[in-house]
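Residues per chain are reported as follows:
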Amino acid sequence: MIVFFLGSHPEVSLAELRLVFGVKEVIRWLGIALFDLEGETVSKNFFKLGGTPRYGSVVGEFPKSTENVENALQSLLVKQLKNVQRKEYVLSLYGVRVDKRRFHKNLKDELSGVKYDGKFEEPQHTPAASAHVLLRGGHEFSAISHNETIYVVKTERVQDAKFWSIVDAERPARDMKIGMLPSKLARMMVNFTKTDDSGKIWDPFVGQGTIAMQSAMLGIPVYGTDKSLVSIENAKQNMLWLVKKGLVAQTTHKLFVEPIERAKLEKSITAIATEPFLGKPRFKPFANEFLAKREWREVSRLYGVLLQTASRFLRKGQRLIFVKPTFAFLAENGVRWYNPPLSTSTDAWKIPELVKDIGALLWVQRDNVVGREIVILEKN
Ligand SMILES: C[S@@+](CC[C@H](N)C(=O)[O-])C[C@H]1O[C@@H](n2cnc3c(N)ncnc32)[C@H](O)[C@@H]1O
């Protein structure tokens, strides 16, 4: 059993896990999902994921009604730490009450040389703190309460935060004015297409190439078009940088200027992943809902063109993944969100069965006034 900690956008991460591993979780609660998967399958694929900050394996479980929870936890941790070289650990608590200081004292009495590698006061560790412990050769355990059971989980791997910040912050061509997709989200969109190196992804609004870069890093050939020459030049520069920086050995890509309205049928395309124009850049919420709806009316034409073009290009079972904007507006009782409806023909498209029940895949970061919804459609 594998436990995934879903991070800041749990629905989007969950959709990615289901689509990458091809199964649904057994249980989901508190931003955590438990999947019945082999450790080896997960460790081989974890680097591909954009959304899950860390995962671990279940090393034991016991009923919540256990008279002495601390003792039960202690004997599990002794088993885990007995034969390891570095007996350093941290304990993260999810709905479980343990006096960590007392717990550690008792554990030390039973197993000498054990060290606590964090602050006793923190109930849960951030991914950065988990990474720190793991990098030092230590161990992170989480005690997670769900229904009548307490699961004890040993963290196996943590997302490489440095890698993601390099791709986002160090790529040479960036245009904050037109808004760039966060690289982790672009990675997830590529994963939603379920494409491998035998396919080819098209991004018809390629911009600075965020999605193209993520496809390239997964070894997937990519084809990017945009109506703006500056965008295409920027995207090319970013793709070259990936190789120069050693983030990928080589890329297979074709980037050129072409408005989507004049796109010519390219038969080798097996999926589309894209972020069209999300409206004019803004820093404040719309003054009211009417204005937010008016903005959507202005940009929705492009979405119509995208759906029509995608339906001509893609064949049965192939996927169209795109970002749709959601707008913050001021209402009587504070800020609310307008999430525009998009009518897609149910003859032409369906939502993949695996993600149908998750609902809207929203990605809104702190202080955003324009959020993103990721739409996943499969050609009928
Ligand atoms: C939101 S940006 C995409 C940003 C991109 N995802 C990135 O992270 O760099 C939208 C892009 O759509 C392009 N665009 C707008 N209208 C277009 C059209 N009709 N055909 C093709 N590209 C268009 C713009 O030039 C812009 O580069």
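Data block above holds the structure.
Just so we're clear, the structure is a prediction, and the values are computed from it rather than from any experiment. (Residues numbered from 1 in each chain as written. Predicted model: local features only at pLDDT ≥ 70, side-chain atom pairs only at ≥ 80, totals over all residues.)

So, on to the packing of helix α7 (residues 183-193) against helix α8 (residues 210-217). Interaxial distance between α7 and α8 falls to 8 Å at its minimum, and their mutual angle equals 60°. Accordingly, the angle class assigned to the pair α7 and α8 is oblique. Crossing of α7 against α8: the hand is right-handed. Seen from α7, the contacting residues are Ser 183, Ala 186, Arg 187, Met 189 and Val 190; seen from α8, they are Thr 210, Ile 211, Gln 214 and Ser 215. For the contact of α7 with α8, the per-class residue count stands at four nonpolar, four polar and one charged. (Axes fitted to C-alpha atoms, helices over the stretch in contact; angles between N-to-C directions. Helix = DSSP H or I, 4+ residues; strand = E, 2+ residues; numbered from the N terminus. Parallel < 35°, antiparallel > 145°, perpendicular 65-115°, else oblique. Left-handed = near helix turned anticlockwise from the far one by under 90°. Contact = placed C-beta atoms within 7 Å. Nonpolar A, V, L, I, M, F, W, Y, C, P; charged D, E, K, R; others polar.)

Let us look at the site of the ligand. Close contacts around the ligand come from 23 residues, with Phe 205, Gly 207, Gln 208, Thr 210 and Ser 228 the closest. Of the residues contributing to the shell around the ligand, the split by class is 12 nonpolar, seven polar and four charged. (Near = placed C-beta within 6 Å.)

A separate point is the packing of α8 against helix α9 (residues 229-244). Following both chains from N to C, one finds α8 and α9 inclined at 25°, their axes separated by 9 Å at the closest point. The orientation of α8 with respect to α9, classified from their angle, is roughly parallel. Regarding α8 and α9, the two cross each other, and that crossing is right-handed. Mapping the contact onto sequence places Ala 212, Met 213, Ala 216 and Met 217 in α8 and Ala 235, Asn 238, Met 239 and Leu 242 in α9. Here the contact of α8 with α9 is composed, by residue class, of seven nonpolar, one polar and no charged.

This part covers the nonpolar core. By size, the foremost hydrophobic cluster in this structure holds 77 residues, and its most contacted members are Phe 4, Met 189, Ile 272 and Ile 321. Broken down by element, the residue count for this core peaks at six residues, all from α7. When near neighbours in sequence (up to four residues on either side) are disregarded, Ile 272 contacts Trp 202, Pro 204, Ala 310, Phe 313, Leu 314, Leu 320 and Ile 321. Of all hydrophobic cores here, the second largest spans eight residues; its members include Leu 278, Ala 292, Trp 296 and Val 370. (Core = buried A, V, L, I, M, F, W, Y, C linked by C-beta atoms within 7 Å. Buried ≥ 20, exposed ≤ 12 C-beta atoms within 10 Å, placed from the backbone.)

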